[in-house]
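As a plain string of letters, each chain reads:
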Amino acid sequence: MRRFALTGAALLAATAATPGADAAAAPDPGVAPSGGGLSAVIRYTEYGVPHILARDYANLGFGTGWAQAADQVCVLADGFLTVSGERSRWFGPQAVTDLSLSSAATNLSSDLYFKGVREAGTVEKLLAAPAPAGPSKDVRELMRGWAAGYNAWIAQNRVTDPTCAGAGWVRPVTATDVAARGYAVSVLGGEGRGVDGITAAAPPGRPTAGAGATPGAGSADPDPDPGKAAEAARQLFDTGRYDMGSNAVAFAGSATANGKGLLLGNPHYPWQGGRRFWQSQQSIPGELNVSGGSLLGTVAVNIGFNEKVAWSHTVATGTPINLHQLALEPADPTAYLVDGRPERMTERKVSVPVSGGGTVVRSQWWTRYGPVVSNLGAGLPLPWTAATAYALNDPNAANLRASDSALAMGRARSVAGVQDALKRTQGLPWVNTVAADAAGGTLFTQSQVLPRITDELVARCSTPLGRATYPTSGLAVLDVARGDCALGSDPDAVQPGVFGPGKAPTLRDAAYAENSNDSAWLANGDRPLTGYERIWGTVDTPRSARTRGALEDVSAMAARGGLTVRDLERQQYANRVPVGDLAAADSAKACAELPGGSATGGGGAPVDVSAACAVLADWDRTADSASRGALLFDRFWRRLTASTPAKDLWLVPFSPTDPVHTPRTLNRAAPGIERALADAVAELRTAGIALDAPLGEHQFVVRGGERLPVGGGTEALGVWNKIEAPWDAAAGGYPEVVHGSSHMQAVGWDGGRCPVARTVLTYGQSSNPDSPFHADQTRLFSQERWVTSRFCERDILTSPRLKVVWPRERR
């Protein structure tokens, strides 16, 4: 309490001297409002970053919910409609849904799934489970406070965001709603990916839900083709195809200038919608002090740093689900056999209100293994026939511990503490963790909640479909007619049927630890990780261009040594194009070798490409916004790789003994080069775009009428600073970023009490176009600049932009 009093006095002094701050709104946070209820002190600094100070977890949650609502009320309210199963009521059943919380194709499909979750009491049961299987008391208090803070903000403020101003669907929420949103995030890679298949599944002879149904659902179609299924599963679980990814690297003290660790985090997430990050600092004096990014609607800092340790996450290659192939009773397709004994499925009837006042009622079918599913996307049908059905097992459907993992990492004091936090909480559903600490330690760990699928179990129990899908994607399909094919348990696992943390691929105290969404194998090129089950990821397989480029960069940095935070800043904005280094020179030569400088395009017409040869040869091999030639190579390379298999593209094939540098040497005689070059040149000329136009003139975003050039490059080019934008030639090229670099952080320590940290939230704190924090950090990102983080009290209180508010619950 004395600390609170001292902090309150300092705040009062600071706000009294700060123009525009509300001094009356900054009392001692250790004193509750006179009317009772929850409260917090929020100190805003540059770029609208809130530093939330509270006396306990409920009050910290209150401040966090208030501050998130102030910046993102429309996005948050939209997400709460999703998890309550009410999108069809407000927006119509066939409209495209909010894709941030599931892969549902329509609002009806989304609502059927999430309403089913709510009606089954799934989230309530998980909330009631004692820790460590369920959430801790501290996290439950954070959720309770978050809901109260969100509700207080919408009760006490006018919504100005035109997206939802005056909308009836902006409503109060409960702590269970907050938990349901966290649940949706946990199952994104599992049940969330199979929503359409869950809601469309119906026994033979019964109508499907009509929500995301695919041919073969509820019919007597034959079994899936194993070859096609294997390729569909490979694509489904290919992290290079996700709209979420990341890079992260930790450097040990042996590679730094002062012997302390360094961390660079570069998560790639959507720039719009409910999977945006939001920045804050959360502080309970003597208990917690952590700064970083949180996914919207979550209650703790997901990636960030404190006085002693910093961490980031990357999307992992572990396959978070498996399928169980059910042998059905001949006379009853809603009963399945286990060791010859029938078990009946459970029918869950789900009612969804739709626009116009009607209600849609559909059945979902559940087994002891999970829901029956009719497909995993259009490419992987799983028909329910008279003899066979498929159940989806997602262990993260029993995992409401992600916020506990985040909170425990925020309280850690070292990389050993981060590792211990993950072992105790076991809450991360689909990410790796990379961390560094002030003592010079590093950590990579794939501490992910995965079904306990061992290679031995797969060899013994796979169905023909599983024998095809498991090697390519890690998706196991088990024959559950045999009871001995059930998933086992590890003694150190907090829930049955999952791997314990002792099985997670982990690397400690390497000179560097890096991940760019490939498997754990090459977290460090000199210390490969092996010996894990296939479900975790692959070994001795080709790496993505982004992984190869990242390993080249960070290994060279570690070997050079003497690194500082400034080196991390340079790496983030270097915008080197690894594929350009591999192929641009040979592409220019192939261009110059074309007779008469002419190439035949896909339409059969000749195209004069002679001017493109010099542009490719002179290109600086970067994706900087000023780079000339980057756009031409980008358009050319996309076309080439879409039409030419890798085996025909490179003269030197992949070698597991040299995975960073193979495959290499472009095959200039590859049949697709001429056509891809002709089509790229014709495309740019038709759009009126010069072949040597600076990238930023045609890769940009528009904010408040201002056109902001954006550097960076796509997954196909292997650029660390990943930027993905849909091509729209009529609008000038790439006129809006869909996903890519998001909450970036470069963190180190200099021996003082405060970490040395630089951050950028590329799309800003607020989605409200009228907010001053809607595009301010987007301008910084466009200019390749950083925000100097204010972490210690003296830095917060001396901010020239300091504004202090004291939100409180009114009862």
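The rules behind each value
- Residues numbered from 1 in each chain as written.
- Predicted model: local features only at pLDDT ≥ 70, side-chain atom pairs only at ≥ 80, totals over all residues.
- Heavy atoms only, no water.
- pLDDT = per-residue confidence, 0-100.
- Contact = heavy atoms within 4.5 Å.
- Disulfide = S-S within 2.5 Å.
- Helix = DSSP H or I, 4+ residues; strand = E, 2+ residues; numbered from the N terminus.
- Pairing = 2+ DSSP bridges.
- Axes fitted to C-alpha atoms, helices over the stretch in contact; angles between N-to-C directions.
- Salt bridge = Lys/Arg side-chain N within 4 Å of Asp/Glu carboxyl O.
- Buried < 20%, exposed > 50% of the residue type's maximum accessible area, 1.4 Å probe, protein only.
- Polar contact = N/O pair within 3.5 Å; in protein donor to acceptor, adjacent residues only side chain to side chain.

With respect to the confidence of the model for the protein
Note: predicted coordinates in regions of low pLDDT should not be interpreted at a detailed level. Of the residues in the protein, 94% have a pLDDT of 70 or more, and the chain-wide mean is 93. Contacts of residues 1-6 to residues separated by more than four positions or lying in other chains number 10 contacts, the stretch itself having pLDDT below 50. Considering only residues more than four positions removed or in separate chains, one finds that residues 209-220, a stretch of pLDDT under 50, has 36 contacts.

Re the state of the cysteines
Within this structure, the stated rule accounts for four disulfides. The partner cysteine of Cys-461 in its disulfide is Cys-485, sulfur to sulfur 2.1 Å. Residues Cys-461 and Cys-485 are joined by a disulfide whose S-S torsion is about -85°; by sign, that bridge is left-handed. Placement of Cys-461 in helix 12 (residues 455-461) and of Cys-485 in the loop between strand 18 (477-479) and strand 19 (506-508) is noted, with a sequence separation of 24 residues between them. Taking only the cysteines that form disulfides and numbering them from first to last, the protein has the pattern 1-2, 3-4, 5-6, 7-8.

Observations concerning the sheet that holds strand 6 (residues 288-295)
One open sheet holds the 10 strands; their spatial order is 19-17-16-8-7-6-5-2-1-32, and the pairing between them is mixed. A single partner strand is all that each edge strand has here, and the edge strands are strand 19 and strand 32 (803-805). Looking at each pair of strands side by side, their axes are set apart by 20° on average, direction ignored. Bridge count for strand 17 (residues 442-445) against strand 19 is three bridges, and the pairing is antiparallel. By the bridge assignment, Phe-444 is partnered in strand 19 with Leu-507. Most of the contacts of helix 10 (residues 402-411) go to strand 8 (residues 309-315), to which it runs at about 150°, and overall it touches strand 6, strand 8 and strand 16 (431-437).

Some points on the sheet that holds strand 12 (residues 346-353)
With antiparallel pairing, the three strands of this open sheet are ordered in space as 12-13-14. The sheet is open, and its two borders are formed by strand 12 and strand 14 (370-371), each paired with just one other strand. Note that strand 12 and strand 13 (residues 359-367) share eight bridges and pair antiparallel. The residue of strand 13 that forms the bridge with Val-352 is Val-360. Strands strand 12 and strand 13 of the sheet are contacted by helix 4 (residues 107-119), whose axis makes an angle of about 120° with strand 12.

Re the pattern of salt bridges
In this structure the tally under the stated criterion is 43 salt bridges. With a closest N to O distance of 2.7 Å, Arg-452 and Asp-490 form a salt bridge. You can see Arg-452 sitting in the loop between strand 17 and helix 12 and its partner Asp-490 sitting in the loop between strand 18 and strand 19, a full 38 residues away along the chain. As far as the burial class goes, Arg-452 and Asp-490 line up, both buried. With its nearest N and O atoms 3.0 Å apart, the salt bridge here joins Arg-546 to Glu-715. Remark: Glu-715 occurs in the loop between strand 26 (706-709) and strand 27 (723-724) and Arg-546 occurs in helix 14 (residues 545-560); sequence separation between them is 169 residues.

Focus on helix 15 (residues 565-572)
Of all eight residues in helix 15, six are buried; the element is thus mostly enclosed. Among all positions in helix 15, only Val-565, Asp-567, Leu-568, Glu-569, Gln-571 and Gln-572 are buried. In this structure, the buried residues of helix 15 make contact with strand 3 (245-251), strand 4 (262-270), helix 14, strand 28 (739-741), strand 29 (743-748) and strand 30 (756-761).

Details of the side chain of Asn-107
Within the secondary structure layout, Asn-107 lies in helix 4. Classification of Asn-107 by relative accessible area gives buried; the value is 1%. Only 2.9 Å separates the side chain of Asn-107 from the backbone oxygen of Gly-92, close enough to count as a polar contact. Aside from chain neighbours lying at most four places away, what touches Asn-107 is Arg-87, Ser-88, Phe-91, Gly-92, Pro-93, Ala-95, Val-96, Thr-97 and Asp-98.

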